[in-house]
Amino acid sequence: MSLTVRSLSDSGAASSENPFVRSQPPRETAILRRDNAMAAVSGAFVVSQTSLSSSKHHSPSSSPTMLLGVRAFPTNSKTTRGLIRCQLSSSSVSALQQLKKSAFDSNQSLCLSTFCVMIAFEILIGYTKERSSIVVIGLSIHTAPVEMREKLAIPVAEWPQAISELSALNHIEEAAVLSTCNRMEIYVLALSQHRGVREVTQWMSKRSGIPVSDICQHWFLLHNKDATQHLFEVSAGLDSLVLGEGQILAQVKQVKEKLRNGFGMVIPGLFEKAITAGKRARAETGIASGAVSVSSAAVELALTKLPPGSASSAVMLVVGAGKMGKLVIKHLVAKGCTRMVAVNRNQERVAAIQEEMPPGVEIVYKPLDEMLACAGEANVIFTSTASETPLFLKEHVETLPLPAAARLFVDISVPRNVGSCVAELEGTQLYNVDDLKEVVAANKEDRARKAMEAQDIITEETKKFEAWRDSLQTVPTIKKLRRKTDRIRADSVEKFMSKYGKDMDKKTKEAVEDLTRAMVNKILHGPMKHLRCDDTENRPLPETLENMEALNRMFELELELLEEKIRAKMEQK
């Protein structure tokens, strides 16, 4: 990648009218005062990327060129601005060092534009040194209707692809997707909060077909500590319709599994700590003892809608024998139901569920093509399939015989398996995941008490995560310092061996390698000790960060870290 620096001012010959540019200054007086230069700058710098294949400075086969324009103070038509070029390569000389060096080449003075470019680079370095932000962009049952959530929903099988696409966005370093029937949440590590949020929202809009304005109308947006605390609350079941429901914790674990293969460090660590928080909240407060999953709430809702005393004789139909369907069957059995019909694509899953049931429970399997016939005989129909199109529409249900009592459809799928038009039919009641709020409302007092107890655990785990994340700030410096010192060691050993190693045997050469490594390790022991920010060193974080900044300056690691970060993002693209 070539880095071309040019000014945006008029071209012409150098003029003595400009007080900051001298015609032939001595080398020692070429450096301009920073405050004078900054006072003279009338605008900001602009960074863009373009192809200069047609330029005489660039061949068609060359890589893209980054142009950085600097707007300086007004000049007359005779003022000149040169074109300075440097290569941002894998060599040890950084782009900024090359730029500064080019300003002091023989017979070349440091003009104001060059100095402003240097300042611009330093601003860029400061920008990349800023700590990235954890951001969650989410829509849940509390903020968005089911119609919007089902369009935004991402199947589990597509999570890795979605994570890759999100991580490739310009201002996103890491990403994770948590998509369930009740929520669609995207967690990212963003270089810039505002730009990152804009890019993610545009990605969501493009994928779902929902305008950005509509997404923003129903979303919630949280940053850093608030985002961390939210995920921990979600994992603990505090943000669920049914307090403490266990299914969401399993879904958070699913996300963690998808993040195993090189999807960063911070976001995977966030989900790992969220699992710990969720487990602790349940174990220490009993928050799940009286609470249930969405499937259990669906069963409770259905039973409350049936006529009194008819639950034991009601015909129950479960469409779908996946995880949700299996849970529905288990909760029906727990409520005293001993016979039910299960419609599924294959019989193996239904047979496997039957094996887990206690004696006396009968699950009758029916293939998918008999679904409508089974629905005509059922009092309650639970739907929980992954179908992207409705299984029951108005024209399907109106052909069914009228039941003696009302026929209940309880649709716990997202996207929905039952069209909303079914509710218009006489003798038919339709409930979806949004209607489960009725069941949740029955335990408000108990939920509030347990939630307060769990909140203390969430706060404690949030502090632990923040401390862990703080400790990561020194990791790049530690790695870069060790690489740099090892590179110096290896170069020195290579020079030594080329001069004196011809008469050495293999054992002696290995001894030289071991000796130099041991020397480097002993030299680095002190600096590394002062960079640790964990339980092994009782050192305040500000002090550790001061040590890190000092080492970055002393060993000139800042520019290497910047180039490594830029190179990683370019390789990612």
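Residues numbered from 1 in each chain as written. Predicted model: local features only at pLDDT ≥ 70, side-chain atom pairs only at ≥ 80, totals over all residues. Heavy atoms only, no water.

An unreviewed UniProt entry annotates the chain as Glutamyl-tRNA reductase originating from Brassica napus. What the UniProt record of the chain gives under Pathway (unreviewed entry) is the line "Porphyrin-containing compound metabolism; protoporphyrin-IX biosynthesis; 5-aminolevulinate from L-glutamyl-tRNA(Glu): step 1/2." UniProt's Sequence similarities (unreviewed entry) comment on the chain is quoted here verbatim: "Belongs to the glutamyl-tRNA reductase family." (UniProt positions renumbered as here; feature names shortened; annotations may be inferred.)

Asks: Lay out the sheet that holds strand β13 (residues 407-411) with the relevant residues and their values.
Replies: Strand order across the open sheet formed by six strands is β11-β10-β9-β12-β13-β14, with parallel pairing between neighbours. Since the sheet does not close on itself, it has two edges, and those belong to β11 (362-366) and β14 (428-432), each with one partner. Adjacent strand axes in the sheet meet at a mean angle of 20 degrees, parallel and antiparallel pairs treated alike. Together, β9 (316-319), β10 (339-343), β11 and β12 (380-383) form the strand contacts of helix α12 (residues 323-334), whose direction differs from that of β9 by roughly 160 degrees. (Pairing = 2+ DSSP bridges. Helix = DSSP H or I, 4+ residues; strand = E, 2+ residues; numbered from the N terminus. Axes fitted to C-alpha atoms, helices over the stretch in contact; angles between N-to-C directions. Contact = heavy atoms within 4.5 Å.)

Asks: For the packing of aromatic side chains, give the residues involved together with the corresponding values.
Replies: In total, this model carries five aromatic pairs according to the counting rule given. With a centroid separation of 5.3 Å and an interplanar angle of 85 degrees, the aromatic rings of Tyr 187 and Phe 271 are classed as edge-to-face. Of the two residues, Tyr 187 is situated in strand β7 (residues 183-190) and Phe 271 in helix α10 (residues 266-285); the sequence distance between them amounts to 84 residues. Here Tyr 187 falls in the buried class, since its relative accessible area comes to 0%. Note on Phe 271: relative accessible area 0%, which makes it buried. For the ring pair Phe 465 and Trp 468, a centre distance of 5.6 Å and an interplane angle of 40 degrees mean the geometry is tilted. (Phe/Tyr/Trp six-rings, centres within 6.5 Å; stacked < 30°, edge-to-face > 60°. Buried < 20%, exposed > 50% of the residue type's maximum accessible area, 1.4 Å probe, protein only.)

Asks: Give a detailed account of the pattern of salt bridges, specifying residues and quantitative values.
Replies: Within the structure shown, the criterion is met by 20 salt bridges. The residue Lys 464 makes a salt bridge to Glu 460 at a minimum N-O spacing of 3.8 Å. Of this pair, Lys 464 and Glu 460 both sit in helix α17 (residues 444-472), four residues apart, which is roughly one turn of that helix. Its relative accessible area of 45% is what places Lys 464 among the partly exposed residues. The salt bridge partner of Glu 513 is Arg 489, with a shortest N-O separation of 2.9 Å. One end of the pair, Glu 513, is in helix α19 (residues 506-529); the other, Arg 489, is in helix α18 (residues 475-500), and 24 residues separate them in sequence. A residue is classified by how much of its surface remains accessible, and Arg 489, at 8% relative accessible area, is buried. A cluster of three or more residues bridged by salt bridges with shared partners is formed by Arg 280, Glu 284, Glu 460, Glu 461 and Lys 464. (Salt bridge = Lys/Arg side-chain N within 4 Å of Asp/Glu carboxyl O.)

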